[in-house]
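Single-letter residue listing:
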Amino acid sequence: MQLWFMTGNKGKLLEAKHVFSPLGFEVEQFKINGEVPEIIEPQCDSLEEVANAKIKQGIKLLQSIGKGKDALLVEDSGLFIDVLGGFPGVYSAFILEKIGCAGILKLLENNENRSASFRASSCLWDGQRIHMGNGICNGVIFDTVCGENGFGYDPIFIPSDFLGNSTGEKTFGEVDISIKEKFSHRKKALDEILASLKNTH
Ligand code: ITT
C-alpha cells in the first residue's frame, strides 16, 4: 500500500520507512510538481494541534490533485528540555536552524538538570478518516555534540533505558537507526496509528 509522507525532513522520512516498509507499505515523500508543499503551521504550544493543522491542509492538497483516497502521513515533533520549561518544544526546527546543537549546550552550561524528552504527534489519513498517534522518548542532554547518525538534536540526546534496552550512554547520533527505533518517540506515535488502523479495518 502506498503511503505519502508530507514532510521536508529526510530524517523523519527515513525513520518512517524503517517502521512501515516491513509491513508492506511503500512510504514516499509527498510532493506536488516536484516540491514538498508549503504548510501553514499555527502558532500554538501543542504538537497535536500543529499535526492536526498539517493533516487537514494535506488532505485538501491530496484532493486537489485527485488523490484524496490515498494514504497521507504528517508529523509534528520536538525536543522538550525540562529546565528550560519545555523549550525549544514546538519551535525545535527553527531553534536548531538558529543556534544548532551547540547553542542548546551553551544554554545548559553549568546546569546539572539535563533531563529532556523528544515528543511526536503524528496523523495518518487512510483515505476515509484520520488516525492520531503520540509518542514520548525520555532522556538527557549530553555535554558535547557526539555522533554523525540521525538528524536534528540526535547528537546531543541520550535516551533513558527503556524496556530492557540501553544505548550504554551513547547519543542517538552514535547509534544505528534500528537501535534508535527501540526508544523513539516517532516509532511509538506510529505504533499507535498502526493499532488504530487495525481496529478500524
Ligand atoms: P516537517 O514539518 O516538514 O515534517 P520539520 O523538520 O520542520 O519537518 P517539525 O516542525 O516537526 O519538523 O520540527 C521538529 C524538529 O524537532 C526537527 O526539525 C528536529 O530538529 C527535532 N526533532 C524531532 N524529532 C527528532 C529526532 O528523532 N531526532 C532529532 N531531532 C528531532
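Shown above is the structure to which this text applies.
Conventions and cut-offs
- Residues numbered from 1 in each chain as written.
- Predicted model: local features only at pLDDT ≥ 70, side-chain atom pairs only at ≥ 80, totals over all residues.
- Heavy atoms only, no water.
- Near = heavy atom within 4 Å.
- Polar contact = N/O pair within 3.5 Å; in protein donor to acceptor, adjacent residues only side chain to side chain.
- Areas by Shrake-Rupley, 256 points an atom, 1.4 Å probe, with all protein chains shown as cover.
- Helix = DSSP H or I, 4+ residues; strand = E, 2+ residues; numbered from the N terminus.
- Nonpolar A, V, L, I, M, F, W, Y, C, P; charged D, E, K, R; others polar.
- Expected span 1.5 Å × (residues − 1).
- Bend = angle between axes of the 7 residues up to and from the residue.
- Buried < 20%, exposed > 50% of the residue type's maximum accessible area, 1.4 Å probe, protein only.
- Contact = heavy atoms within 4.5 Å.
- Salt bridge = Lys/Arg side-chain N within 4 Å of Asp/Glu carboxyl O.

Draft legend 1. Up close: the site of the ligand. Around the ligand, 21 residues are found, and the nearest of them are T7, G8, K54, D154 and K180. Between S77 and the ligand, the recorded distance is 3.0 Å, taken from a backbone N or O atom to an oxygen atom. When the ligand sits alone it has 610 Å² of accessible area, and the protein chains cover 89% of it. Mapped onto the shell around the ligand, the elements with two or more residues apiece are β3 (71–81), α3 (92–107) and α5 (185–200). In terms of residues, the shell around the ligand owes the most to one element, β3, which gives four residues. Among the residues making up the shell around the ligand, the classes are represented as five nonpolar, eight polar and eight charged.

Draft legend 2. Inspection of α3 at higher detail. Taking 1.5 Å of rise per residue, the 16 residues of α3 would be expected to cover 22 Å, yet its terminal C-alpha atoms sit only 14 Å apart, more than 12% below that figure. Considering bend angle alone, the principal kink of α3 is centred on I99 and spans about 90 degrees. Within the sequence span of α3, burial applies to S92, I95, G100, C101, G103, I104 and L105. Check the buried side of α3 and you find it contacts β3 and β5 (130–141).

Draft legend 3. Here's a closer look at the pattern of salt bridges. Taken as a whole and assessed by the stated rule, the structure comprises nine salt bridges. In this structure, K180 engages E15 in a salt bridge whose closest nitrogen and oxygen atoms are separated by 2.7 Å. Separated by 165 residues along the polypeptide, K180 in helix α4 (residues 177–180) and E15 in helix α1 (residues 10–20) bring together distant segments of the chain. Each member of the pair, K180 together with E15, is buried. With its nearest N and O atoms 2.9 Å apart, the salt bridge here joins D191 to K187. Of the two residues, D191 and K187 both sit in helix α5, four residues apart, roughly one turn of that helix. Judged by relative accessible area, D191 falls into the partly exposed class, the value being 34%.

Draft legend 4. Spotlight on unusual backbone geometry. Geometrically, the link from F87 to P88 is a cis peptide bond, its omega value of 0 degrees lying close to zero. Within the secondary structure, P88 is located in the loop between β3 and α3. We note that N33 has phi near 50 degrees; this positive angle belongs to a residue other than glycine. Mapped onto the elements of the fold, N33 is located in the loop between β2 (26–29) and α2 (47–64).

Limitation: the analysis is restricted to geometry and does not speak to function.
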